[in-house]
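Chains, contacts and geometry: an overview
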Amino acid sequence: MGYPGYPEEFWDSIEKVEATRERRLKEVFKRITPEEKEKLLEKWHPDYRPEGKRALKLGPNKGDYVPNEVADILEAYPLIDPNDIDLEDIDYDVDVLIIGGGGSGAAAALWTNYRGIKAENILIATKLRFGDANTKMAQGGIQAADRPQDSPPIHFIDVIGGGHYANKPELVRILVKEAPLIIKWHEELGVMYDKDEHGNFIEIHGGGTSRKRMHAAKDYTGLEIMRVLMDEVLNREIRVIEFSPAVELIMDTSGQVAGAVLYNLETNQYYVVRAKATVLTTGGFGRLHIQEFPTTNHYGATADGLVMGYRVGTHLRDMDSVQYHPTGAAFPEQIVGQLVTEKVRGLGAQLVNIDGEQFIYPLEPRDVVAAAIIRECYGRNKGIVTVTGQRGLWLDSPMIEIIHGEGTIKRYLAAMYRQFKRFDIDITKEPMLVFPTLHYMNGGIEINEYTQALNADGKPIPGLFAAGEVTGGVHGKNRLMGNSLLDINVFGRRGGINAAKHAKKAKVGKLTLKHVNNWVTKLKEAGIAPKRKAPIILPEYRGKRALSRSINIGF
Amino acid sequence: MTAQKTVKKLKVKMVSIYIMGKEYKVPEGLTIHKAMEYAGYKLVRGVGCRAGFCGACATVYRFKDDYRLYTGLACQTTVKDGMYLVILPFVPAKKPGYDIEKLKADFSSIVKLFPEVTRCVQCNTCTKVCPQEIQVMDAIQMILRGDIKSAAELSFDCIACGICSLRCPAEIIHYNLFQLVRRLNGKYLTPKSQHLVQRLKEIEEGKFDKELEKLVKMGPEKWKELYEQRVIE
């Protein structure tokens, strides 16, 4: 008897969740009004805590408020000394360099190749293995308005409302208009989307959507897309160099971006890449642990692209907003912070407090649900507190089996089922304990419709393109579920096409790292002490004791 | 409001683990990744998503006086006392190239690219070691029977950690083989969406261009009005 995966002190509360379930199946929690929403966010969303941010002291966004952890890496000294780098000795001379091996990078590489750049003239440089990226971890789905009762304009309104009307509308237009084209591309490549026997996609709601347009491949949607794109990159023999992150962009004396310095994490040597076009697809910043939140992100999500881009003059936007996914695992300790997909709520599971009562409509946009959970735990004290002090609320997954029939969870939420089963929790019968977790970088490098990176005057920086989570503008101040898998494909594709176009006519002059020296001068002028270095490449998780005794004797 | 603050000082039990043969004392209950970091390792190889999705952290371990060899993912497996472990930094595997447009969804296409699939001896080791609990051998047998659809569905949750392929006496590269099988299924054996074709035609004809242009120019006040008037399906 009981719930073997949960400590006994939770059992009472789980019984209450069970007791209210039947009643709640018929109960629809009232949607939040615009006024209530504003009040809720202001009081409880972490973005609204003034002590979490500070104004940047220098660079294209001088004076703008960003999370302290982002300011720390932007206001940091370079890892390399330009004097150590021999730019005359080129290791890779290519047409298009793609920095980052996730979904955007793979899509960019393929479309560069489709547009006539030979595989041997493309290089993907990546920090970990090719494909080890947030893309693979995206579970819930990808949005595209392809059903008759839906349309790209309806999708547009959902995106821009979810983003608090702060999105760059020209980018939203591209996102929604090109979404069906991406799904078609995937269908032709052989992505196994969930379909009925006639070939219709099985589409459900996501938080903040007004139509059912979430396409999924069980709850491994990102994994399925990523592995198919990777397979195609490998089939086409596009070059990939792993465990070799870019640590600085290279420019030429005419002021265009002309490649990057890579660093081999295993042999500690650098490589010089000269490229006619460079595409930044480095992803987001989960591993910066903004405001000490745990994260759903992969190990390499340290926003290196922001750092490198900022030093060549890219303008950032919407960096004041951070996406906390409402439902990260809050128990067991081994998986705290890991993603519990929004699809669980999409399929009908409600969020309930310690007494088994609802407190928010489960499919409000992510920032609203996250704020409501924090309020329920800290403002109203209606959450569970685990032995480590972690708070959390119940996500009542067994409702899914009642609504859609037995076996639905194993079929459509296989990853979630497995994740919890490893720790003796059966989510078909027991609810999961959840709390918001750091999920997505809403803002980033500003781009135009051609994915060209822009400077503070809104002008393109020649030779530099960017796509995916590293960019800002598409999602405004809050991204909806299913729009990031879409973003990386739509803008990754555009990045590839535009980089190819640029590379065909570009001429690269003498290479230089003068901008890096200039950056150091500016840091000194701003009075910033040379304590921090960036990009940080990988987060520091080593044990305190071990780290305190770590010395480098240079043997 | 920070997500993790310890309220009580916990008394944590320590266990001994042997990372590539060297003994370290680490707190009980940590995953293999976190235990290695606690011991002082900065992970570079054998780590990726840290959430069971990427397959970067295939791990082999055993216990003293136990002949059995165990396998798992370092991000999902909790350390136990007396564990001798190594995370595999890399799995060497053949990955034949192909043009998906030129293949047929049949056994002969597959066997040309992966002839070793016929060497399966049905030992079922692959199934026993799979951290995703996939019926790996059954999927291989379905391929041999030409049932591509079933093999694709059965292998769908594969994260390509490579453990099965390293243990396979027939030297089958299951995860690359399954990738091909799934793409053949997705491309050739699943009916295409008709709605999508219709929508693409409408987009090409410019059906939504005017409305989108209007929306782009509208500005926040009007967007807000439209957003608040939405009818939810």
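Small disclaimer: the values here were computed from a predicted structure and weren't measured.

1. Structural notes on the overall build of chain B
Secondary structure summary: chain B contains 10 helices and five strands in total. Taking 17 Å as the expected radius of gyration for a compact globule of 233 residues, we find that chain B reaches 25 Å, considerably beyond that expectation. Structurally, chain B occupies a C-alpha span of about 70 × 60 × 30 Å along its principal axes. Every one of the 233 residues in chain B was classed for burial, and the buried ones make up 52%. Looking at chain B as shown, the accessible area adds up to about 11,800 Å², and 54% of this sits on carbon and sulfur atoms. The averaged location of the 26 negative side-chain charges in chain B is 6 Å from the averaged location of its 38 positive side-chain charges.

2. Considering a positive patch on the surface
Side chains of Arg115, Lys501, Lys504 and Lys505 of chain A sit close together on the surface and give a patch of like positive charge. Mapping Arg115 of chain A onto the fold places it in the loop between helix 4 (103-114) and strand 5 (122-125).

3. Topic: the interface of chain A and chain B
Residue-level contacts link 103 residues of chain A with 79 residues of chain B. For the pair chain A and chain B, the number of links is 12 salt bridges. Between Lys177 of chain A and Asp209 of chain B there is a salt bridge, with its nearest N and O atoms 3.2 Å apart. There are 42 residue pairs in polar contact (both at pLDDT 80 or more) connecting chain A and chain B. Those elements giving two or more residues to the side of chain A that touches chain B turn out to be helix 2 (34-44), helix 5 (134-137), helix 6 (152-162), helix 7 (169-189), helix 8 (221-235), helix 11 (366-379) and helix 14 (414-421) of chain A. Tallying contributions element by element places helix 7 of chain A first for the side of chain A that touches chain B, with 12 residues.

4. Overview of the pattern of salt bridges
Applying the stated criterion across every chain, the model contains 62 salt bridges over all chains. Notably, a salt bridge pairs Arg173 of chain A with Glu213 of chain B, separated by 2.5 Å at the nearest N-O pair. Taken together, the residues span two chains, with Arg173 of chain A in helix 7 and Glu213 of chain B in helix 9 (residues 209-218). Put simply, Asp318 of chain A and Lys477 of chain A hold a salt bridge, and the shortest N to O gap is 2.9 Å. Taken as a pair, Asp318 of chain A in the loop between strand 12 (316-317) and strand 13 (323-329) and Lys477 of chain A in the loop between strand 21 (471-472) and helix 15 (484-505) lie far apart in primary sequence, 159 residues in all. Residue Asp318 of chain A is classed as buried on the basis of its relative accessible area, which comes to 9%. Judged by its relative accessible area of 27%, Lys477 of chain A is partly exposed. Each of Lys168, Arg317, Asp318, Asp320, Glu446 and Lys477 of chain A takes part in salt bridges that share partners, so that together they form one network.

5. Quick look at the packing of helix 6 of chain A against helix 9 of chain B
Viewed as axis vectors pointing N to C, helix 6 of chain A and helix 9 of chain B meet at an angle of 20 degrees, and their least axial separation amounts to 9 Å. Here helix 6 of chain A lies roughly parallel to helix 9 of chain B, going by the angle between them. Seen from above, helix 6 of chain A lies across helix 9 of chain B with right-handed handedness. From helix 6 of chain A, Pro152, Pro153, Phe156 and Ile157 of chain A reach across to helix 9 of chain B, where they touch Glu211, Leu212, Leu215 and Val216 of chain B. Grouping the constituent residues of the contact of helix 6 of chain A with helix 9 of chain B by class yields seven nonpolar, no polar and one charged.

6. Regarding the domain arrangement of chain B
All names here are of chain B. The domain architecture assigned to chain B consists of domain 1 (11-87), domain 2 (100-189) and domain 3 (194-229). Here domain 1 and domain 2 have C-alpha centroids that lie 29 Å from each other. Facing nine residues of domain 1, the contacting portion of domain 2 comprises eight residues. With both sides pooled, the region where domain 1 packs onto domain 2 buries about 640 Å², and carbon together with sulfur makes up 65% of that total. Considering only the side of domain 1, the residues that lose the most area to domain 2 are Gly55, Thr71 and Leu73, jointly responsible for 53% of the buried surface there. Taken together, the links from domain 1 to domain 2 amount to zero salt bridges. Put simply, domain 1 and domain 2 have one residue pair in polar contact (both at pLDDT 80 or more) between them. No other element matches strand 4 (residues 70-73), which puts three residues into the side of domain 1 that touches domain 2.

7. Some points on the domain arrangement of chain A
In many analyses, interface size is given as the accessible surface area lost on bringing the parts together. Residue and element names in this part refer to chain A. When the domains of chain A are assigned, the result is domain 1 (8-30 + 323-439) and domain 2 (78-321 + 442-517). A straight line from the C-alpha centre of domain 1 to that of domain 2 covers 32 Å. Each side of the interface is counted separately: domain 1 has 29 residues, and domain 2 has 31 residues. Interface area, domain 1 with domain 2, both sides summed: about 2,500 Å², of which 55% is carbon and sulfur. Area buried by domain 1 at its contact with domain 2 is led by Gln323, Lys343 and Leu438, which between them contribute 26% of it. On the surface where domain 1 and domain 2 come into contact, there are one salt bridge. Across the pair Asp194 and Lys343 runs a salt bridge, and its minimum N-O distance is 4.0 Å. Along the contact surface separating domain 1 from domain 2 lie 20 residue pairs in polar contact (both at pLDDT 80 or more). Elements that contribute at least two residues to the side of domain 1 that touches domain 2 include exactly strand 13, helix 10 (343-346), helix 11, helix 13 (408-412), helix 14 and strand 17 (432-440).

8. Remarks on the sheet that holds strand 4 of chain B
Residues and elements named next belong to chain B. Taken together, the five strands give an open sheet; going across it, the order is 2-1-5-3-4, and neighbouring strands pair in mixed fashion. The open sheet is flanked by strand 2 (22-27) and strand 4, the only strands paired with a single partner. Pairwise comparison of adjacent strand axes, ignoring direction, gives a mean angle of 35 degrees for this sheet. In this sheet, strand 4 lies alongside strand 3 (residues 58-63) in antiparallel orientation, the contact comprising four bridges. Within strand 4, the position partnered with Val60 by the bridge is Thr71.

What counts, and at which threshold
Residues numbered from 1 in each chain as written. Chains lettered and ligands numbered in written order. Predicted model: local features only at pLDDT ≥ 70, side-chain atom pairs only at ≥ 80, totals over all residues. Heavy atoms only, no water. Helix = DSSP H or I, 4+ residues; strand = E, 2+ residues; numbered from the N terminus. Rg over C-alpha atoms; globule rule 2.2 N^0.38 Å. Buried < 20%, exposed > 50% of the residue type's maximum accessible area, 1.4 Å probe, protein only. Areas by Shrake-Rupley, 256 points an atom, 1.4 Å probe, with all protein chains shown as cover. Lys, Arg positive; Asp, Glu negative; His and termini not counted. Charge placed at Lys NZ, Arg CZ, Asp CG, Glu CD. Patch = residues over 30% accessible without salt bridge, like charges linked within 9 Å, V, L, I, M, F, W, Y side chains within 5 Å. Salt bridge = Lys/Arg side-chain N within 4 Å of Asp/Glu carboxyl O. Contact = heavy atoms within 4.5 Å. Polar contact = N/O pair within 3.5 Å; in protein donor to acceptor, adjacent residues only side chain to side chain. Axes fitted to C-alpha atoms, helices over the stretch in contact; angles between N-to-C directions. Parallel < 35°, antiparallel > 145°, perpendicular 65-115°, else oblique. Left-handed = near helix turned anticlockwise from the far one by under 90°. Nonpolar A, V, L, I, M, F, W, Y, C, P; charged D, E, K, R; others polar. Domains from an automatic or database assignment. Buried area = accessible area lost by both parts, 1.4 Å probe. Pairing = 2+ DSSP bridges.

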